[in-house]
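Residue-level listing of the chains:
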Amino acid sequence: MIIVFSIIIAFVCVLYQTFVKKILNEKNRQNKQELEHQKEISQQYIIVQEKERKRIAETLHDEVGSKLNLLSLWMNNDDTWDTKRSKVIVAQLIPELIDATRNISHVLYPAKIEEFGLVLTLEELITKIDTSLIVELIVNHGYNKKSISFEVQIYRIIQEFLSNVIKHSTASKMSIQIRDSVKFFSIILSDNGIGFDVNNPQNGMGLKNIVTRIQSINAVYKWKNKKGIGCTLIIFANNGRLD
């Protein structure tokens with residue numbers, strides 16, 4: 001009887017050790033997957049940053065550099081400087097340089113979010129859109145201020161979506177719906193354009209930028225698209241409010 005009892009105890013110990021080992025292996029596997037996932041997010045974020053830096057460099061070269069060169073030519077040419085024509089050219093170029101510099105500054109960091117918050121900054125963004133695209137901003141249940149890093153990423157997501165709509169969708173309407181509850185923060189972005197295939201690798205960096213930014217705030221998302229009908233992006237995130 002003692003021998004049988006000892007065998008049972010030994011068997012139970014082996015089962016327990018096997019069970020514990022299985023749990024530890026599963027936990028290690030999950031930890032490894034999480035590390036790989038975080039590494040992938042970091043790599044994608046670096047790609048997004050480099051893409052933005054390239055765009056800024058091109059804007060500096062095309063918008064600012066070319067105008068500065070033109071100003072320099074006018075100012076250093078004794079035959080044309082200080083004439084009525086030169087004054088007209090300089091008066092035209094300086095405001096364009098100011099606007100270009102302001103736009104680049106906004107691309108680097110949307111400082112108005114820090115001062116006015118996400119909703120007012122989005123309203124300002126919408127006012128600058130060409131009237132051929134009607135953009136509607138709907139804020140349900142009010143809005144509570146979030147951390148700056150959270151709001152900047154949300155703003156960039158909406159900005160990138162809007163840019164894709166303008167460039168590729170041929171849409172006449174776009175909707176931005178924000179719902180801010182105690183536990184969750186959600187956004188629904190939609191347009192009435194031609195739609196696209198989400199799984200098509202030719203869709204380019206725009207969609208990758210959006211997905212990377214969504215992942216950076218630990219949010220989940222879902223695309224609802226049908227060619228010829230339009231595009232919808234639904235995002236759910238934990239509430240990033242400050243209080």
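Chemist: Got a minute to help me understand the overall build of the protein chain in this structure?
Modeler: Check the secondary structure of the protein chain and you find six helices and five strands. Reading the helices (α) and strands (β) of the protein chain from amino to carboxyl end gives α-α-α-α-β-α-β-β-α-β-β. Counting across all 243 residues of the protein chain, residues that qualify as buried make up 32%. Relative to all contacts within the protein chain whose residues are 6 or more apart in sequence, the contacts with residues 24 or more apart total 70%. A total of about 16,200 Å² of accessible surface is found on the protein chain, and carbon and sulfur atoms cover 59% of it.

Chemist: What should I look at first to understand the packing of aromatic side chains in this one?
Modeler: What describes a pair of aromatic rings is the distance from one ring centre to the other and the angle between the planes of the rings. According to the stated counting rule, one finds three aromatic pairs in the structure shown. Where F150 meets F185, the ring centres are 5.4 Å apart and the plane angle is 80°; that geometry is what we call edge-to-face. Linking F150 in helix α5 (residues 148-169) with F185 in strand β3 (residues 184-191), this pair joins segments that are 35 residues apart in sequence. Taking the relative accessible area as the measure of exposure, F150 reaches 8% and is therefore buried.

Chemist: What exactly am I supposed to notice about the side chain of S169 here?
Modeler: Along the chain, the position of S169 falls in helix α5. The buried category is assigned to S169, whose relative accessible area is 7%. A polar contact of 3.1 Å, which involves the side chain of S169, links it to the backbone nitrogen of A171. Each residue touching S169, except ones within four places of it in the same chain, is listed here: N164, D191, G193 and I194.

Chemist: In this structure, what is going on with unusual backbone geometry? I would like to understand it.
Modeler: Excluding glycine, a negative phi dihedral is what most residues carry, and trans is how most peptide bonds are arranged. Within the chain, T170 stands out as a residue other than glycine whose phi angle is a positive 55°. Relative to the elements of secondary structure, T170 occurs in the loop between α5 and β2 (173-180). T170 sits in the exposed class, given a relative accessible area of 64%. Positive phi values are uncommon outside glycine, yet N218 reaches one of about 55°. Summarising the element assignment, N218 is placed in the loop between α6 (205-216) and β4 (220-226).

Chemist: Sorry if this is basic, but what is going on with the environment of L97 here?
Modeler: Position of L97 relative to the elements: it lies in helix α2 (residues 84-108). What makes L97 buried here is its relative accessible area of 10%. Between the C-alpha atom of L97 and that of K67, which follows or precedes it by 30 residues, the distance is 7.0 Å. L97 has contacts with E63, V64, K67, L68 and L71, leaving out every residue within four places of it along the chain.

Chemist: Sorry, what's going on with the pattern of salt bridges here?
Modeler: Side-chain pairs of opposite charge can arise whenever the charged atoms involved come near each other. Tallied over the entire structure, the rule returns three salt bridges. K146 is paired through a salt bridge with D180; the nearest N and O atoms lie 2.7 Å apart. Of the two residues, K146 is situated in the loop between β1 (134-140) and α5 and D180 in strand β2; the sequence distance between them amounts to 34 residues. Note on accessibility: K146 and D180 belong to one class, buried.

So, how was this worked out
Residues numbered from 1 in each chain as written. Predicted model: local features only at pLDDT ≥ 70, side-chain atom pairs only at ≥ 80, totals over all residues. Heavy atoms only, no water. Helix = DSSP H or I, 4+ residues; strand = E, 2+ residues; numbered from the N terminus. Buried < 20%, exposed > 50% of the residue type's maximum accessible area, 1.4 Å probe, protein only. Contact = heavy atoms within 4.5 Å. Areas by Shrake-Rupley, 256 points an atom, 1.4 Å probe, with all protein chains shown as cover. Phe/Tyr/Trp six-rings, centres within 6.5 Å; stacked < 30°, edge-to-face > 60°. Polar contact = N/O pair within 3.5 Å; in protein donor to acceptor, adjacent residues only side chain to side chain. Salt bridge = Lys/Arg side-chain N within 4 Å of Asp/Glu carboxyl O.

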